[in-house]
Amino acid sequence: MVVLVTGANGQLGQSLHYIAHNYPQIEFVFCDSKALDITQKTTIETVFKANNPDFCINTAAYTAVDKAETESEKAYEINVSGAKNLAEVCQTYNTKLIHVSTDFVFDGSLDKNQTIRGYKEGDIPNPKSSYGQTKLAGEKAIQSVFDDYFIVRTSWVYSQFGNNFMKTMLRLGAEKDSLSVVNDQIGTPTNAVDLAEALVEIILFVIQNPTQKAFGIYNFSNEGSCSWFDFAQKIFEIKHINIDLQPIPTSSYPTPAERPKYSVLDKTKIKSVFGITIKSWEESLNKTITI
């Protein structure tokens, strides 16, 4: 069983590499952007011809949310054209595609009707940022090509790898006596290693249940919800960092890209279809920080 992973140097790619030894039945082929540039279809074809993968996990993406506002063409090339290229080559090689998407496809207005629940896969997307727009367009591009895809939307990804909110808070906690963090954006932190495990669980399910068609869109994040302020507070609490942490509204910390005010994802579907057990965000954070 050959699983090709794009974007191998990113957070999720490194997390998949971190857990790969737990799955000796799978031959993982890790390709960074130099080995496999998803914007170049001929390069994808060359890599697929050499490896003939059964699955492709696409973790390659343009994820610089604020930069995407001024680099929309670059974001589109990677998140839309690149995703479509992969889907087309996957179709040619009969490869099943697992593509990672984002909570940014939603506008964050779900909680305005006082029915507080997570976003479900069938809720209508309405991205407010260039990044979110390209990720949604990438989903649609894949869907326009073939049906053998799993699109997994996730949120607030962090890990011991790469650059992320947890690492930024730990750095600032060591440098500053006080810090202000936004407290009116609500979502769920996602441990990239937990996400990696879930993606492999999908592959194992498909292998073990070859006649069951489970393709489609799924949500995955850790369980629970919090604000960025709550997230930061828990990071400092676990590490016993004494810092004057102040909650502020989004209006006090303007950014080029508009973030969803509420982007908690409902995980009922992924849990029921694949039997995946999901840890709370607090448990996973504690485990990651103490590695």
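Treat the numbers as computed from the prediction; the structure is a model and nothing was measured.

1. Regarding the environment of Phe-30
Consideration 1: Structurally, the position occupied by Phe-30 is in strand E2 (residues 27-31).
Consideration 2: Assessed through its relative accessible area of 23%, Phe-30 is described here as partly exposed.
Consideration 3: Taking the C-alpha atoms as reference, Phe-30 lies 6.1 Å from Leu-4; in sequence the two are 26 residues apart.
Consideration 4: What Phe-30 contacts, discounting residues up to four positions off in sequence, is Val-5, Ala-8, Gly-13, Leu-16, His-17 and Ala-20.

2. Details of the side chain of Thr-154
Consideration 1: Mapped onto the fold, Thr-154 is located in strand E5 (residues 149-154).
Consideration 2: Given a relative accessible area of 5%, Thr-154 falls into the buried group.
Consideration 3: Only 2.8 Å separates the side chain of Thr-154 from the backbone oxygen of Phe-220, close enough to count as a polar contact.
Consideration 4: In this structure Thr-154 touches Val-100, Ser-101, Thr-102, Asp-103, Thr-190, Leu-195, Phe-220, Ser-221 and Leu-265, once residues within four positions along its chain are discounted.

3. Quick word on the packing of aromatic side chains
Consideration 1: As enumerated under the stated definition, the model contains 16 aromatic pairs in all.
Consideration 2: Judged by centre distance (5.0 Å) and plane angle (25°), the rings of Phe-165 and Phe-231 are stacked. In this pair, Phe-165 is assigned in helix H5 (residues 165-175) and Phe-231 in helix H7 (residues 228-239), connecting sequence segments 66 residues apart.
Consideration 3: Taking the relative accessible area as the measure of exposure, Phe-165 reaches 19% and is therefore buried.
Consideration 4: The rings of Trp-156, Tyr-158, Phe-165, Trp-228, Phe-231 and Trp-281 are connected pair by pair, giving a single aromatic cluster.
Consideration 5: A cation over a ring is seen here: Lys-96 above Phe-55, with NZ or CZ 5.7 Å from the ring centre.
Consideration 6: Geometry around Tyr-218 places Lys-269 over its ring, the cationic atom sitting 4.4 Å from the centre.

4. Let's talk about helix H3 (residues 72-92)
Consideration 1: If you check H3, its first and last C-alpha atoms are 29 Å apart, about what 21 residues at 1.5 Å a residue would give, namely 30 Å.
Consideration 2: Along H3, the residues classified as buried are Ala-75, Ile-78, Asn-79, Val-80, Gly-82, Ala-83, Asn-85, Leu-86, Ala-87, Val-89 and Cys-90.
Consideration 3: Looking at the buried residues of H3, the elements they touch are strand E1 (2-6), helix H2 (41-51), strand E3 (55-58), strand E4 (96-102) and helix H4 (130-145).
Consideration 4: Directly beyond the C-terminal end of H3, a positive phi value near 55° is found at Asn-94.

5. What to know about the sheet that holds strand E10 (residues 216-219)
Consideration 1: One open sheet holds the six strands; their spatial order is E2-E1-E3-E4-E5-E10, and the pairing between them is parallel. Each having just a single partner strand, E2 and E10 make up the two edges of the open sheet. For this sheet the average axis-to-axis angle between neighbouring strands, irrespective of direction, equals 20°.
Consideration 2: Direction of pairing for E3 relative to E4: parallel, over a ladder of four bridges. Across the sheet, Cys-56 pairs through a bridge with Leu-97, a residue of E4.

6. Considering unusual backbone geometry
Consideration 1: Backbone geometry at Asn-52 places phi at a positive 45°, although glycine is not the residue there.
Consideration 2: Among the secondary structure elements, Asn-52 is positioned in the loop between H2 and E3.
Consideration 3: Located in the positive-phi region is Trp-156, a residue other than glycine, with phi close to 45°.
Consideration 4: Relative to the helices and strands, Trp-156 resides in the loop between E5 and strand E6 (157-158).

7. With respect to the nonpolar core
Consideration 1: If you look at the biggest cluster of nonpolar residues, it comprises 34 residues, and the most contacted ones within it are Ile-98 and Phe-274.
Consideration 2: Only E1, helix H1 (11-19), E3, E4, E5, helix H6 (192-208) and helix H8 (268-274) provide two or more residues apiece to this core.
Consideration 3: Contacts of Ile-98, omitting those with residues within four sequence positions, involve Phe-55, Cys-56, Ile-57, Asn-58, Phe-150, Val-152, Leu-199, Ile-202 and Ile-203.
Consideration 4: Grouped together as the second largest cluster of nonpolar side chains are 31 residues, Leu-4, Phe-48, Ile-217 and Ala-257 included.

Definitions and limits used
- Per chain, residue numbering runs from 1 following the sequence as it is written.
- Selection of residues for local features in this predicted model requires a pLDDT of at least 70, selection of side-chain atom pairs for listing and counting requires 80 or more, and totals for whole chains, interfaces and linings are taken over all residues.
- With hydrogens and water set aside, each side-chain value is computed from the structure's full complement of heavy atoms.
- In this description a helix means any DSSP run of H or I spanning at least four residues, a strand means any run of E spanning at least two, and both kinds are numbered starting from the N terminus.
- Buried means the residue's accessible area, taken with a 1.4 Å probe over protein chains only, is under 20% of the maximum for its type, while exposed means over 50%, and partly exposed covers the values in between.
- Residue contacts are defined here by distance: any two heavy atoms, one from each residue, within 4.5 Å place the two residues in contact.
- Polar contact is defined as a pair of N or O atoms within 3.5 Å, subject to the rule that within protein one atom must be able to donate a hydrogen and the other to accept it, and that residues adjacent in sequence are counted only when both atoms are side-chain atoms.
- Only the six-membered ring of Trp is used, alongside the rings of Phe and Tyr, when aromatic pairs are assigned; centres must lie within 6.5 Å, and planes under 30 degrees apart are stacked while those over 60 apart are edge-to-face, with the rest tilted.
- We count a charge as sitting over a ring when the NZ of a lysine or the CZ of an arginine lies within 6 Å of the ring centre and within 35 degrees of the ring normal.
- A helix is expected to reach a length of 1.5 Å times the quantity of its residues less one.
- At least two DSSP bridges between two strands are required for those strands to pair.
- With axes taken as lines fitted to C-alpha atoms, and helix axes fitted only over the stretch in contact, angles between N-to-C directions fall between 0 and 180 degrees.
- We call a set of buried residues a nonpolar core when its members are Ala, Val, Leu, Ile, Met, Phe, Trp, Tyr or Cys and they connect through side-chain atoms within 4.5 Å of each other.

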